Amino acid sequence: ISVSWLVDGEATSTGSSTDIAFVQDGTFNVTVQVTDDDGGSAFADCAGPIMVENVAPIIVGDPALIVDAGHLYEFRPSVSDPGIDDVHRWSGIGSASLIIDIDTGALSWTPGLDDVGTHTLQLRVNDGVDDDTLSWVVTVQWPDEDGDGIRADIEEAFALFPILAERRDQRA
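Residues numbered from 1 in each chain as written. Predicted model: local features only at pLDDT ≥ 70, side-chain atom pairs only at ≥ 80, totals over all residues. Heavy atoms only, no water.

## Focus on the overall build of the protein chain
For clarity, the threshold we go by: Only runs of H or I of at least four residues qualify as helices and only runs of E of at least two qualify as strands under DSSP, and these elements are numbered from the N terminus. Classification of residues uses two cut-offs on accessible area relative to the type maximum, computed with a 1.4 Å probe and protein chains only: under 20% is buried, over 50% is exposed, and between them is partly exposed. Any pair of residues with heavy atoms lying within 4.5 Å of one another is described as a contacting pair. Using the Shrake-Rupley algorithm and a 1.4 Å probe, accessible areas are obtained, with residue cover drawn only from the displayed protein chains.
When you go through the protein chain residue by residue, the secondary structure sums to two helices and 15 strands. Relative to its full complement of 172 residues, the protein chain shows a buried share of 29%. When contacts within the protein chain are restricted to residue pairs at least 6 apart in sequence, those whose partners lie at least 24 apart make up 53%. Accessible area for the protein chain stands at about 10,800 Å²; split by element, carbon and sulfur atoms hold 53% of it.

## Thoughts on the side chain of Asp81
Applied cut-off: As used throughout, the charge tally considers Lys and Arg to be positive and Asp and Glu to be negative, leaving His and the chain termini uncounted. Within this document, salt bridges are pairs made up of a side-chain nitrogen of Lys or Arg and a carboxyl oxygen of Asp or Glu, the two lying within 4 Å of each other. Each polar contact in these results corresponds to two N or O atoms within 3.5 Å; when the atoms are within protein, one needs to be able to donate a hydrogen and the other to accept it, and residues that are neighboring in sequence are counted only if both atoms are side-chain atoms.
Turning to its location among the elements, Asp81 is positioned in the loop between β10 (78–80) and β11 (89–93). No salt bridge is formed by the buried Asp81. Its closest oppositely charged neighbour is Arg89, at 12 Å. A polar contact of 2.9 Å, which involves the side chain of Asp81, links it to the side chain of His88. Every residue in contact with Asp81, bar those within four places of it in the chain, is listed here: Val55, Ala56, Pro57, His88 and Asp127.

## Brief notes about the pattern of salt bridges
Taken as a whole, this structure holds three salt bridges when the rule is applied. A salt bridge links Glu74 to Arg76, with the nearest nitrogen and oxygen atoms 3.2 Å apart. On the accessibility criterion, Arg76 (59% relative accessible area) is exposed. Measuring nitrogen to oxygen at the nearest pair gives 2.9 Å for the salt bridge that ties Arg124 to Asp131.

## So, the pairing of strand β1 (residues 2–7)
For clarity, the threshold we go by: At least two DSSP bridges between two strands are required for those strands to pair.
Counting buried positions along β1 gives five out of six residues, so the element sits mostly inside the fold. Direction of pairing for β1 relative to strand β4 (residues 30–35): antiparallel, over a ladder of six bridges. In the strand pairing of β4, Val7 is matched with Val30. In this structure, β1 lies alongside strand β2 (residues 10–14), joined through four bridges in antiparallel fashion. Within β2, the position partnered with Val7 by the bridge is Glu10. With antiparallel pairing between neighbouring strands as the criterion, β1 and β2 make up a hairpin whose turn holds two residues, including Asp8 at a positive phi of roughly 50°.

## Re the nonpolar core
Rule in force here: By convention a nonpolar core is built from buried Ala, Val, Leu, Ile, Met, Phe, Trp, Tyr and Cys residues, the set being connected through side-chain atoms within 4.5 Å.
In this structure, Tyr73, Leu107, Trp109, Leu121, Leu123, Trp136 and Val138 are the most contacted members of the largest nonpolar core, which totals 15 residues. Apart from residues no more than four positions distant in its own chain, Leu121 is found in contact with Tyr73, Ile93, Gly94, Ser95, Leu98, Leu107, Trp109, Leu134, Ser135, Trp136 and Val138. The next biggest cluster of nonpolar side chains, apart from the first, holds six residues, and it includes Val3, Val7, Val30 and Val32.

## Brief notes about the sheet that holds β1
Spelled out, the test is: Interaxial angles span 0 to 180 degrees and are taken between N-to-C directions of axes, which are lines fitted to C-alpha atoms, for helices over the stretch in contact.
Strand order in the open sheet formed by four strands is β2-β1-β4-β5, and the pairing between neighbours is antiparallel. Each end of this open sheet is capped by a strand with a single partner; those strands are β2 and β5 (41–45). Adjacent strand axes in the sheet meet at a mean angle of 30°, parallel and antiparallel pairs treated alike.

## Quick word on the confidence of the model for the protein chain
The predicted coordinates of low-pLDDT regions are not to be read in fine detail. Filter applied, for reference: A residue's pLDDT is the predictor's confidence in that residue, given on a scale from 0 to 100.
Taken as a whole, the protein chain shows an average pLDDT of 83; of its residues, 85% reach a score of 70 or greater. Least confident of the elements in the protein chain is helix α2 (residues 160–171), whose mean pLDDT is 57; most confident is strand β9 (residues 73–75), at 97.

Right under this line is the structure:
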């Protein structure tokens, strides 16, 4: 004996029980088909149509994980919401100076030297019924202002700025 589950006539899974993940809002008819070893089949509709009123939104995007102190950090996510919802509200958790556009989810932040270290940032989108959350860790590092591979705090601690300036002047 085999058991198949059909949603609006299309086979979606097999087995004596199933979980069906609906990816769209709407009304769906679910039918179970039982087939015996001789090829005979019987069908039974589940208790009336299933109404899916909302499919949760999904945040899409890959935020950067490293930023230099004093430099602008930006992340512009998008949202996938296969349902009929077209209004989304965004919120977030992070540094006190983090700015989040509640309509687009665009996030911006300029961490300072006091922010050097790791910070957990979180964005949440809500479609009026359901929501999705994206959390990630950003490392704020000391900047390398002149691009020579030596952190600015090391150059400052060992007074390397004047030496580098002299070397640049000699090459010119």
